[in-house]
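Summary of the model geometry
Each chain is listed here by its residues.
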Amino acid sequence: MDFSFTDEQLLLRDTAARFIAREYGFDTRRAILGGAGGERGAREAGLWRTLAELGLLALRVPEEDGGVGGGAVDTLLVMSAFGKGLFAEPYLASAVLATEAIVRLGSPAQRRRWLRPMAAGTLIAAFAHDERGTRGDALALSTRATRVGAGYLLEGRKTAVEHGARADLLLVSACTDGGGAALFALGRETPGLRLAAYPTVDGGGAADVFLEQVYLPASARLGEGEGESEGESEGESEGEGRGEGDAAEALLAVLDTGLAAVCGEAVGVLERSLEATVEYTRTRTQFGAPIATFQVLQHRIADMRIHLEQARSMAYLAAARAGAGTAAERARAMSAAKVVVGEACCFVGEQAVQLHGGMGMTEELDIAHCFRCLFAIEKRFGSTQDHLARFARLLAA
């Protein structure tokens, strides 16, 4: 398998890295996360505008919709740069997950309505899918979408929606009357929609989404075009024609796209953790010598590098398989990648903090921020144990 990058991909990677170096240094990150109210919002809005100007928000938007038309490898390179910068903005939520969902499921009218504003930075979207009890089965949805007249009535709860409180548009998955899955678009001011926001360990923020008698026109369902609010033609019963369960495969593909992207993000955080640890051991002295000269610590750092390189290889595999092969083949590759990446996150994060000593848990050093980001990544899209069990089930099937 060829892991070399094209000139365009290298330029994309360098663009993302320069953005982080120029606009999102460690001091800037701490100031944003420690800010409040309008000041923090203004800083975040400025970063988002810059991302739009650089074309990074349009990365996964198809060319026919006014975007760049990038794929999983392009996303990996950008996410790796953002991971190394500990970027805490909703890039994964909006520019990757939500964009991919609209591209895969949206009608031409819906794509025109949402993709261009998202690429321009004037609209932030979030993918609201996770629920309590869905960790072992991504499609075991309890949120219900009941057909009522010319629309749908949504009832349920979504948990830990990343950057849900910042989103202008929520893409909510639900189980339909026919037993299949569908995706619906809700504005944040939709009657019956309630958000409970809270901070997350990595500084990004999340929200639980409560849907209480939320009525939506049929056009809110992705795949319905503007003016198609009736949804079914005369003589069609529900579940015929476009089908009630036709979103299931696309939802799984969106989740796999996000998993591949977060593996790329992990590589960036792992690189920063290793570099910071190597630098610290070269400057920290004990018994009159830098601790980097101690053989036992050299062995631990070598083990950290091995885990990093294994994670990098599996992140490349995840990116290569994200849009290829059957659903079962893709699922096996994604779970295998997440297991190796998750193990690397745990090992490298723990070793980095231990080698820094007590300083490793202070806000003044970036290694504490790296540790929290690695902790969050290991849990995102399913933990190491979740994917190890999933991989075993897929092999046995």
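Values in this document were obtained by computation on a predicted structure and should not be read as measured data. Here the residue index of a chain counts from 1 through its sequence in written order. Residue-level local features of this predicted model are given only where pLDDT is at least 70; pairs of side-chain atoms are given and counted only at 80 or more, and the full residue set underlies all totals for whole chains, interfaces and linings. Here the side-chain values reflect all heavy atoms present in the structure, with hydrogen atoms and water set aside.

Here we come to the layout of surface pockets. One simple way to see leftover space: roll a probe sized like a water molecule over the atoms. In this analysis a 1.4 Å probe is tested at points of a 1 Å grid over the protein atoms alone, and where it fits but cannot get out there is a cavity; an open set with protein on both sides within 12 Å along at least five of seven lines is a pocket; lining residues have an atom within 4 Å of a point. Grid points are joined across faces, edges and corners, and a volume is the space filled by probe spheres set on the points. By volume, the second largest pocket is sized at about 270 Å³. Arg40, Tyr198, Gly203, Gly204 and Gly205 are the residues nearest the centre of the second largest pocket, which is lined by 17 residues in total. In this text, helices come from DSSP runs of H or I with a minimum length of four residues, and strands from runs of E with a minimum of two, each type numbered from the N-terminal end. Listed by contribution, the elements that provide at least two residues to the lining of the second largest pocket are helix H3 (37-53) and strand S6 (193-198). Residues are grouped as follows: nonpolar covers Ala, Val, Leu, Ile, Met, Phe, Trp, Tyr, Cys and Pro; charged covers Asp, Glu, Lys and Arg; every other residue, Gly included, is treated as polar. Taken together, the residues of the lining of the second largest pocket sort by class into 7 nonpolar, 6 polar and 4 charged.

Bringing helix H2 (residues 26-34) into the picture now. Among the residues of H2, Phe26, Arg29 and Ile32 are the ones counted as buried. Down the axis of H2, the buried side of the element spans an arc of 125°, and every buried residue falls inside it. Exposed and oriented more than 90 degrees from the buried face of H2 are Asp27 and Gly34. In this scheme, a residue with accessible area under 20% of its type's maximum is buried, one over 50% is exposed, and one in between is partly exposed, where area comes from a 1.4 Å probe on protein chains only. Note that the arc is computed from the directions linking the helix axis to the C-beta atoms.

When you line up the elements, Glu131 lands in the loop between strand S1 (125-128) and strand S2 (144-148). Separated by 2.6 Å, the side chains of Glu131 and Thr143 make a polar contact. Pairs of residues are marked as contacts when any of their non-hydrogen atoms sit within 4.5 Å. Discounting chain neighbours no more than four positions away, the residues touching Glu131 are Ala140, Leu141, Ser142, Thr143, Arg157, Lys158 and Thr159. Polar contact is defined as a pair of N or O atoms within 3.5 Å, subject to the rule that within protein one atom must be able to donate a hydrogen and the other to accept it, and that residues adjacent in sequence are counted only when both atoms are side-chain atoms.

Two side chains of opposite charge can pair, provided their charged atoms sit close to one another. Here, a salt bridge means any side-chain nitrogen of Lys or Arg that lies within 4 Å of a carboxyl oxygen of Asp or Glu. If you walk through the whole model with that rule in mind, you get 23 salt bridges. With its nearest N and O atoms 3.2 Å apart, the salt bridge here joins Glu212 to Arg194. Linking Glu212 in strand S7 (residues 206-217) with Arg194 in strand S6, this pair joins segments that are 18 residues apart in sequence. Here Glu212 falls in the partly exposed class, since its relative accessible area comes to 41%. Residues Arg272 and Asp366 are paired through a salt bridge, measuring 2.9 Å at the closest nitrogen-oxygen approach. In this pair, Arg272 sits in helix H7 (residues 248-283) while Asp366 sits in helix H10 (residues 366-379), placing the two residues 94 residues apart along the sequence. The burial state of Arg272 is the same as that of Asp366; both residues are buried.

Moving on: the nonpolar core. In this description, a nonpolar core means a group of buried Ala, Val, Leu, Ile, Met, Phe, Trp, Tyr and Cys residues linked to one another through side-chain atoms lying within 4.5 Å. Membership of the largest hydrophobic core comes to 94 residues, with the highest contact counts inside it found for Leu51, Phe82, Phe87, Tyr91, Phe127 and Leu171. Tallying contributions element by element places H7 first for this core, with 17 residues. If sequence neighbours within four positions are ignored, Leu171 has contacts with Ala98, Ala101, Ile102, Ala126, Phe127, Ala128, Leu183, Phe184, Ala185 and Leu222. Counting 20 residues, the second-largest nonpolar core is a separate cluster that includes Val161, Leu193, Val209 and Ala220.

This part is about the packing of aromatic side chains. Paired rings are identified among Phe, Tyr and Trp, the last through its six-membered ring, by centres lying within 6.5 Å, and are further divided according to the angle between planes into stacked (under 30 degrees), edge-to-face (over 60) and tilted (the rest). Scanning the entire structure with this criterion turns up 7 aromatic pairs. Seen in terms of ring centroids, Tyr24 and Phe87 are 4.8 Å apart; in terms of plane orientation they differ by 80°. Their pairing is edge-to-face. Of the two residues, Tyr24 sits in the loop between helix H1 (7-23) and H2 while Phe87 sits in the loop between helix H4 (72-84) and helix H5 (91-105), which places them 63 residues apart along the sequence. Using a relative accessible area of 1% as the deciding quantity, one classes Tyr24 as buried. A relative accessible area of 9% places Phe87 in the buried class. An aromatic cluster is built from Phe19, Tyr24, Phe82, Phe87 and Tyr91, whose rings are joined through pairwise contacts. Its guanidinium or amino end placed over the ring of Phe210, Arg194 lies 4.1 Å from that ring's centre, counting from NZ or CZ. Geometrically, a lysine NZ or arginine CZ counts as sitting over a ring once it is within 6 Å of the ring centre and also within 35 degrees of the ring normal.

A positive phi angle is found at Leu86, which is not glycine, with a value near 55°. Inspection of the secondary structure puts Leu86 in the loop between H4 and H5. Phi is positive for His163, close to 60°, though the residue is something other than glycine. Secondary-structure assignment places His163 in the loop between strand S3 (151-162) and strand S4 (169-176).

A word on the pairing of S2. Where burial is concerned, the two faces of S2 differ: the one with Ala145 and Arg147 is buried and the one with Arg144, Thr146 and Val148 is not. Any two strands with at least two DSSP bridges between them are considered paired. Pairing between S2 and S3: 5 bridges, direction antiparallel. Looking across to S3, one finds that Val148 is bridged to Gly151. Note: S2 against S4, 2 bridges, orientation parallel. Note on S4: the bridge partner recorded for Arg144 is Cys175.

The next thing to look at is the environment of Ala331. On the secondary structure map, Ala331 appears in helix H9 (residues 327-356). In this structure Ala331 comes out as buried when scored by relative accessible area, which is 7%. Along the primary structure Ala331 and Ser173 are separated by 158 residues, whereas in three dimensions their C-alpha atoms are 20 Å apart. In contact with Ala331, other than residues within four places in its own chain, are Arg390 and Leu394.

By themselves, these observations are geometric and do not establish any function.
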